[in-house]
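Structural description and commentary
This is what each chain is made of:
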Amino acid sequence: MLYAGIAWSADGYDVEVIDTDGNRATAPTHWGAERVPELAAWLGAPGPSTEPPRAVVVESTNGLVDGLLTAAGLTVFRADPWVLPERPDFGSVPARALAERARTDLASLSPLTAEGGGQTGRDDDYHGGIGRSAAHEAELARAGRWFRHGPRDRHEIALTFDDGPDPVFTGQVLDILARYGVHATFFCVGLHVRALPDEVRRIVDAGHSLGNHTWSHPFLPDLSPRQFRLQLERTDEAFDRAVGRVPAVFRPPYGARTPEALSELLRGGPALALWDVDSWDWARPGPEKIARTVLDHAGPGSLILMHDGGGDRRQSVAALPSVIEGLLERNLRFVAADALAGRSADALGEPAG
Ligand SMILES: [Zn+2]
């Protein structure tokens, strides 16, 4: 029986696969983010014995690969900080430690499913963090730097795509947007910006906007303020290298917030952009359902959440033409997410979707 661990770092992913006795089943491997689809295929048969690992383990600070791995049929677990050695300020614990945890104490890990999402079982920390963040959020909103939708009295909406750039799906989304002549905002993760700078250039050259979506898609409650700051800064550096500019907006993974992270934002940096219409495309309910969910909830000012990376996004791509056509039929104008910032009198209102 095999156990695999996937660590993230400044330049990609490290993978270790061990057997029941704790011996390496393969040599350690390194993967650039542009090769994640290949990584998922390789993990299906990593060793001389062709069985897939009993468990593939990622940290709670690595939310970029679990969707693709579960979609590929692998059995994926999340390891939370209290069962792991201490993490460096930038990077996860070694892949070996993750695989070892699965081998010696699988019950201490949380199984992830394609339908459940990366933060399965962390509802208390998620909602607790948001609950404690109200005062900080109000302060950011007063400064025009926190919003979940734009003005309701203008016929503007923002279409947003999270978790890219992706070597397969970002280009497909860009082709469809170009066909309709509409613009969107791409909330990219730094690890993938670094690995796929040409995709980011293509986004910018086509007139779309960019957002910072952290480096490794971590669950914010598990980060120290310094770790959060590094996630933002390193991602901005990758954007700057790729396209010579940094985003004006930031979106936290899973929409998680904590007072510690928001304190960092209050010191400066991008505006925090949430959303009021969730397409639920990541759960892969079918293209028709995705389009219907968006069109049932969207209206003037809507900030619409979809995904071009972080998993199998074929359904998101298939749903997109219907989404765009439905919004155009209502005479809604597509604007960049940051164009909706700071203009909403009721920015702290509850989501409509
Ligand atoms: Zn995300």
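Residues numbered from 1 in each chain as written. Predicted model: local features only at pLDDT ≥ 70, side-chain atom pairs only at ≥ 80, totals over all residues. Heavy atoms only, no water.

1. As for the pattern of salt bridges
Note the cut-off: By convention in these notes, a salt bridge is any Lys or Arg side-chain nitrogen within 4 Å of a carboxyl oxygen on Asp or Glu. Relative accessibility thresholds used throughout: buried, under 20% of the residue-type maximum; exposed, over 50%; partly exposed, between the two (1.4 Å probe, protein chains only). Each helix is a run of DSSP H or I of at least 4 residues and each strand a run of E of at least 2, with the numbering of both proceeding from the N terminus.
One pass over the structure, following the stated rule, counts 23 salt bridges. Of the charged contacts, one joins R35 and E38 as a salt bridge, the two residues approaching to 3.2 Å between their closest N and O atoms. We classify R35 as partly exposed; its relative accessible area is 28%. In this structure, R226 and D89 form a salt bridge, with 2.8 Å as the shortest nitrogen-oxygen distance. One end of the pair, R226, is in helix α9 (residues 225–243); the other, D89, is in the loop between β5 (76–79) and α3 (95–104), and 137 residues separate them in sequence. For D89, a relative accessible area of 35% puts it in the partly exposed group. Each member of the salt-bridge network shares a partner with another, and the members are R78, D80, R122, D125 and D222.

2. Concerning the nonpolar core
Quick note on the threshold: Here, nonpolar core means buried Ala, Val, Leu, Ile, Met, Phe, Trp, Tyr and Cys residues that are tied together by side-chain atoms lying within 4.5 Å of each other. The split into domains, and so the bounds of each, comes from an automatic or database assignment of domains.
With 64 residues, the main nonpolar core has I6, Y13, L43, L159 and L177 as its most contacted residues. Counting the residues that make up this core, at least three belong to each of domain 1 (2–112) and domain 2 (123–340). By size, the runner-up hydrophobic cluster in this structure holds 18 residues, among which are A141, F219, A256 and L262.

3. Here we look at the packing of aromatic side chains
Which entries qualify depends on this criterion: Classification of ring pairs uses Phe, Tyr and Trp, with its six-membered ring standing for Trp, and accepts pairs whose centres are within 6.5 Å; under 30 degrees between planes counts as stacked, over 60 as edge-to-face, and the remaining range as tilted. Charge over a ring is defined by NZ of Lys or CZ of Arg lying within 6 Å of the ring centre and within 35 degrees of the ring normal.
For the structure on display, the rule yields seven aromatic pairs. A centroid spacing of 5.4 Å and a plane angle of 25 degrees characterise the contact between F161 and F186, whose relative ring orientation is stacked. Placement of the pair is F161 in strand β8 (residues 156–164) and F186 in strand β9 (residues 185–188), with a sequence separation of 25 residues. With relative accessibility at 1%, the residue F161 sits in the buried group. Owing to a relative accessible area of 0%, F186 belongs among the buried residues under this scheme. Residues W280 and W282 carry aromatic rings whose centres are separated by 5.5 Å and whose planes lie at 35 degrees to one another, so their mutual orientation is tilted. Note on W280: relative accessible area 46%, which makes it partly exposed. The lysine or arginine in question, R234, covers the ring of F90, its NZ or CZ lying 4.4 Å from the ring centre. Directly above the ring of F187 sits R251, whose terminal nitrogen or CZ lies 4.2 Å from the centroid.

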